[in-house]
Amino acid sequence: MSNRVNIGVIGAGGMGGRHAVNLTDAVAGAKVTAIMDVDSARAEEIAARCGGAKVFADAEQLVAAPDVDAVVIAAPNRFHAGLTLSCIAAGKPVLCEKPLASDGEEARGVVDTETAGGKRLVQVGFMRQYDPDHVAVKQVSDSGKQGQPLVIRSVHINPSWGDIPSLSDVINGSLIHDIHSARWMMGDEIARVHTSFIPFSPTQPLSARYVMIQLHFRNGTLGSLECNSDSGYGYEITVSITGETGVVQSSPLPHPIVRHSNASSQWIEEDWLQRFNTAYVNEAQAWVQSILDGEAAGPSAWDGYVAILVADAGIESGLQAQPVAVEVPEMPALYG
Ligand code: ISE
């Protein structure tokens with residue numbers, strides 16, 4: 001490969017558009033050469049913004065295009081696994097937005113296909129792994145200054161959801177990020193989950209306004225992941241790890257405190273595209289560099305698969321109102 005990666009982006013909505021623009025404006029060694037979206041006007045708009053990328057109406061044709069070396073998948077979730085498999089079949093590295101698949105079986109299919117090919121090609125878009133706040137918390141915890149980590153906590157505040165989300169929407173759409181962060185930051189596998197949630201109203205018992213998942217790791221440590229799906233005020237993410245002799249916590253609101261007219265205020269981001277702006281750029285840069293280096297890095301298909309297993313157990317636990325064990329199979333050597 002030359003020192004430039006030609007990238008095709010599938011999906012030109014908010015997320016795909018952001019990836020395409022980041023790759024164009026802020027990532028060294030990348031060029032967006034192709035965009036696909038069913039909304040052709042939106043695809044044209046993003047393609048023009050990216051310096052005249054070619055527009056495709058068909059995602060499979062984009063994957064097969066000779067001037068596409070690697071692919072970003074930001075299409076609706078139900079297409080993630082199938083398109084990822086097409087990229088693997090074409091031997092092209094792929095950054096697939098979360099979740100990797102619609103269910104555990106489909107995700108296992110991606111893992112098995114990649115493993116059979118003997119080469120890691122898939123990275124999953126768990127971009128918290130590139131967020132300076134999450135990285136700093138993990139670094140302090142890993143340094144051992146606070147003794148052994150005992151408990152990870154995260155609070156995930158969404159501004160609003162639009163439609164009324166179900167428990168499964170909130171876990172698969174939002175908390176799956178925190179599930180991955182918990183595994184990555186604690187360096188251990190989750191063995192059991194216990195989910196509780198508050199529905200929007202008694203007449204919608206499967207809807208989920210507030211979800212809490214308790215985690216039990218294999219090594220005996222604990223976690224607690226909370227998500228407010230509809231806070232009505234803004235977007236916030238806080239993560240902390242309690243160790244034997246201290247706590248490290250990310251700053252919930254990194255913006256300056258402004259005092260004016262006898263009041264003090266702090267800006268709160270509207271959404272994750274604002275909050276994780278830096279993380280998305282760092283993620284894309286690391287992904288492109290890993291392609292140039294010929295060595296996959298970052299959250300793998302295996303991580304995408306295990307996060308779905310934990311999410312599924314979390315949903316089952318919430319619906320049954322009891323703890324559920326997570327059965328994580330042995331990790332294939334490819335991901336070691
Ligand atoms: C959204 O889809 C994301 O991926 C964000 O990172 C997450 O925080 C948000 O809750 C999701 O809805």
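Above this note sits the structure.
A short tour of the structure in this document, coming up. Small disclaimer: the values here were computed from a predicted structure and weren't measured.

Definitions and cut-offs
Residues numbered from 1 in each chain as written. Predicted model: local features only at pLDDT ≥ 70, side-chain atom pairs only at ≥ 80, totals over all residues. Heavy atoms only, no water. Pairing = 2+ DSSP bridges. Helix = DSSP H or I, 4+ residues; strand = E, 2+ residues; numbered from the N terminus. Contact = heavy atoms within 4.5 Å. Axes fitted to C-alpha atoms, helices over the stretch in contact; angles between N-to-C directions. Buried < 20%, exposed > 50% of the residue type's maximum accessible area, 1.4 Å probe, protein only. Near = heavy atom within 4 Å. Polar contact = N/O pair within 3.5 Å; in protein donor to acceptor, adjacent residues only side chain to side chain. Areas by Shrake-Rupley, 256 points an atom, 1.4 Å probe, with all protein chains shown as cover. 1 Å grid on protein atoms, 1.4 Å probe; cavity = no way out; pocket = protein on both sides within 12 Å on 5 of 7 lines; lining within 4 Å. Sits in = over half its atoms within 2 Å of the grid points. Nonpolar A, V, L, I, M, F, W, Y, C, P; charged D, E, K, R; others polar.

Across the sheet, which stays open at both edges, the 7 strands sit in the order 12-11-7-10-9-8-15 with mixed pairing between neighbours. Here the strands that pair on one side only, and so sit at the sheet edges, are strand 12 (247–249) and strand 15 (324–325). Relative to the sheet, helix 6 (residues 132–143) contacts strand 7 (149–157), strand 11 (236–243) and strand 12, its axis offset from that of strand 11 by approximately 0°.

Another aspect to go through is the side chain of S290. For S290, the position within the fold is in helix 9 (residues 277–293). Overall, S290 belongs to the buried group, its relative accessible area being 8%. Those residues in contact with S290, other than ones at most four positions away along the chain, are E295, A296 and A297.

With that settled, the discussion passes to the site of the ligand. Around the ligand sit K98, M127, R128, H156, N158, G173, S174, H177, Y235 and W272, and those are all the residues in its vicinity. Separating an oxygen atom of the ligand from a side-chain N or O atom of N158 is a distance of 2.8 Å. S174 is positioned with one of its side-chain polar atoms (N or O) 2.6 Å from an oxygen atom of the ligand. Notes on the ligand: free accessible area 300 Å², of which the protein chains cover 88%. Comparing atom positions with the cavity grids shows the ligand to sit within the largest pocket. With 3 residues, the single largest contributor to the shell around the ligand is helix 7 (residues 167–186). Of the residues in the shell around the ligand, the class split is 3 nonpolar, 5 polar and 2 charged.

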